[in-house]
Amino acid sequence: MKRQWTGTALVTGASAGIGLEFARQMARRGCDVAMTARRADRLEAEAAAIRRATGRRVTTVPADLGDPDGALRLIEALDSSGVEPDYVVNNAGVGVFGAVVETPVDKLAGMLRLNMEALTVLSAEYGRRMAARGRGAILNIASTAAYQPVPYLAAYAATKAYVLHFSEAFAAELSGKGVRVFTLCPGATKSEFAEVAGAPNIEFVATSAEDCVRRALDAFDNRGIVYVDGLANLFGTYVGRFAPRPLLVRAVAAALGR
Ligand SMILES: NC(=O)c1ccc[n+]([C@@H]2O[C@H](COP(=O)([O-])OP(=O)(O)OC[C@H]3O[C@@H](n4cnc5c(N)ncnc54)[C@H](OP(=O)(O)O)[C@@H]3O)[C@@H](O)[C@H]2O)c1
């Protein structure tokens, strides 16, 4: 029998993919949920379905976290709606596939703000409030790409290395203050990610978002700090860490180069 969760979960990037699954499954496990993303209609439709299925209180707060100040405006909006999260799932993220020099710089800058800055601002603000209350948890979504350089997803993979390192360090700072910081590193997972990134379709090797999130929440319940989803992916992170870097980078470049 699964532990019953209580309190409110804020889930970013909750209109699709892994974030939508976090919203669904955390509601099913007992949380009220605040869902945020840019597509307001889609958020509201998914929120209504979660309310019907679980009877939980589900609010939607549309926000663009790739905007400068996007995260601060989201916090203000949540404060004025009286939403104080006990769990923050920093899931919203995008990739940009292609050679760095061929990528419009505004696209790169928006990705850095979303994947790193917004996640850091939300972690810092809610981490501070949770530490003052002596309870709470922050769940940050990195990637198996955090463990190695990835040519043609170079900046994306580097943002995920940031998420992993930031989160592990932040977890240590908050230990003993009643606040947990948990990092999920998904491997290839079915979602809109590849299409949005303009990356090759990897659905044939991808796991479902539903399974990935269920395993991640179980790992969180089992007091995990970093969870790499799937044994093959876990093995891949050891290759990423211990294989000779130049060889590894050349192999990935050859696999992903166009
Ligand atoms: N799928 C994979 O294979 C995979 C593997 C490793 C890690 N991840 C990570 O998992 C997380 C979720 O990705 P996913 O696979 O579920 O992708 P997805 O299906 O494309 O979902 C991304 C979510 O982020 C939201 N989002 C995108 N840009 C945003 C912005 N500027 N402001 C606010 N919200 C924004 C999207 O909603 P709107 O468009 O409505 O804003 C959507 O809800 C990401 O951090 C990704 O890096 C995914």
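The rules behind these values
Residues numbered from 1 in each chain as written. Predicted model: local features only at pLDDT ≥ 70, side-chain atom pairs only at ≥ 80, totals over all residues. Helix = DSSP H or I, 4+ residues; strand = E, 2+ residues; numbered from the N terminus. Rg over C-alpha atoms; globule rule 2.2 N^0.38 Å. Buried ≥ 20, exposed ≤ 12 C-beta atoms within 10 Å, placed from the backbone. Contact = placed C-beta atoms within 7 Å. Near = placed C-beta within 6 Å. Nonpolar A, V, L, I, M, F, W, Y, C, P; charged D, E, K, R; others polar. Axes fitted to C-alpha atoms, helices over the stretch in contact; angles between N-to-C directions. Parallel < 35°, antiparallel > 145°, perpendicular 65-115°, else oblique. Expected span 1.5 Å × (residues − 1). Core = buried A, V, L, I, M, F, W, Y, C linked by C-beta atoms within 7 Å. Arc of directions from axis to C-beta.

> Please set out the overall build of the protein residue by residue, giving values where relevant.
Looking only at helices and strands, the protein has nine helices and seven strands in total. Taken over the C-alpha trace, the protein has a radius of gyration of 18 Å; the compact-globule value for 258 residues is 18 Å, and the two agree within 12%. Across the 258 residues that make up the protein, the buried fraction comes to 40%. Of the contacts made within the protein by residues no fewer than 6 positions apart, 67% connect residues no fewer than 24 positions apart.

> Can you tell me about the site of the ligand, naming the residues and giving the values?
Near the ligand lie 28 residues; those nearest to it are Gly13, Gly17, Arg38, Gly66 and Gly93. Elements represented by at least two residues in the shell around the ligand include exactly α1 (17–28) and α6 (193–197). The leading source of residues in the shell around the ligand is α1, at three residues. A breakdown of the residues in the shell around the ligand according to their chemical character gives 14 nonpolar, 10 polar and four charged.

> Break down the packing of helix α4 (residues 105–133) against helix α5 (residues 154–174) for me, citing the residues and quoting the values.
Two packed helices can be described by the angle between their axes and the distance between those axes. For the pair α4 and α5, interaxial distance at closest approach is 10 Å and the crossing angle is 10°. When the axes of α4 and α5 are compared, the pair comes out roughly parallel. Side by side, α4 and α5 meet where Leu108, Met111, Leu112, Asn115, Met116, Leu119, Thr120, Ser123, Gly127 and Ala131 of the first sit next to Ala155, Tyr156, Thr159, Tyr162, Val163, Phe166, Phe170 and Leu174 of the second. Looking at the contact of α4 with α5 residue by residue, the classes come out as 13 nonpolar, five polar and no charged.

> Before we move on, could you go through α1 and cite the residues and values that matter?
The end-to-end C-alpha separation of α1 is 17 Å, in line with the 16 Å expected for 12 residues at 1.5 Å each. Taken across its 12 residues, α1 has 11 buried, putting it largely inside the fold. The complete set of buried residues in α1 reads Gly17, Ile18, Gly19, Leu20, Glu21, Phe22, Ala23, Arg24, Gln25, Met26 and Ala27. Downstream of α1 by one or two residues, glycine 30 has phi in the positive range, about 125°.

> Quick rundown of the nonpolar core? Include the residues and the values.
Val11, Ala23, Met26, Val33 and Met35 are the most contacted members of the largest nonpolar core, which has 66 residues in total. The biggest single contributor to this core is α4, with seven residues.

> Tell me about unusual backbone geometry, and name the residues and values.
With a phi close to 70°, aspartate 69 is a non-glycine residue in the positive phi region. Mapping aspartate 69 onto the fold places it in the loop between β3 (58–60) and α3 (70–80). Residue class for aspartate 69 comes out partly exposed when judged on the 14 C-beta atoms lying within 10 Å of it. Its identity as a non-glycine residue notwithstanding, tyrosine 152 has a phi of 80°, on the positive side. Secondary-structure assignment places tyrosine 152 in the loop between β5 (136–141) and α5. On the neighbour-count criterion, tyrosine 152 (21 C-beta atoms within 10 Å) is buried.

> Run through α3, naming residues and quoting values.
Given 3.6 residues per turn, any residue in an α-helix points the same way as the ones three and four places further on. Buried residues of α3: Gly70, Ala71, Leu74 and Leu78, and no others. All buried residues of α3 lie within an arc of 95° about the axis, which places them on one face of the element. Of the residues in α3, the exposed ones pointing more than 90 degrees away from the buried face are Glu76, Asp79 and Ser80. Elements that come into contact with the buried residues of α3 comprise β1 (8–12), β2 (32–36) and α4. A positive phi of about 75° marks glycine 82, the residue just after α3.

> An account of the environment of alanine 219 is requested, with residue identities and associated values reported.
Along the chain, the position of alanine 219 falls in helix α7 (residues 209–221). Assessed through the 17 C-beta atoms surrounding it within 10 Å, alanine 219 is described here as partly exposed. When the C-alpha atoms of alanine 219 and aspartate 229 are compared, they prove to be 9.5 Å apart, with 10 residues separating the residues in sequence. Those residues in contact with alanine 219 that sit more than four places away from it in its chain are Gly224 and Tyr227.

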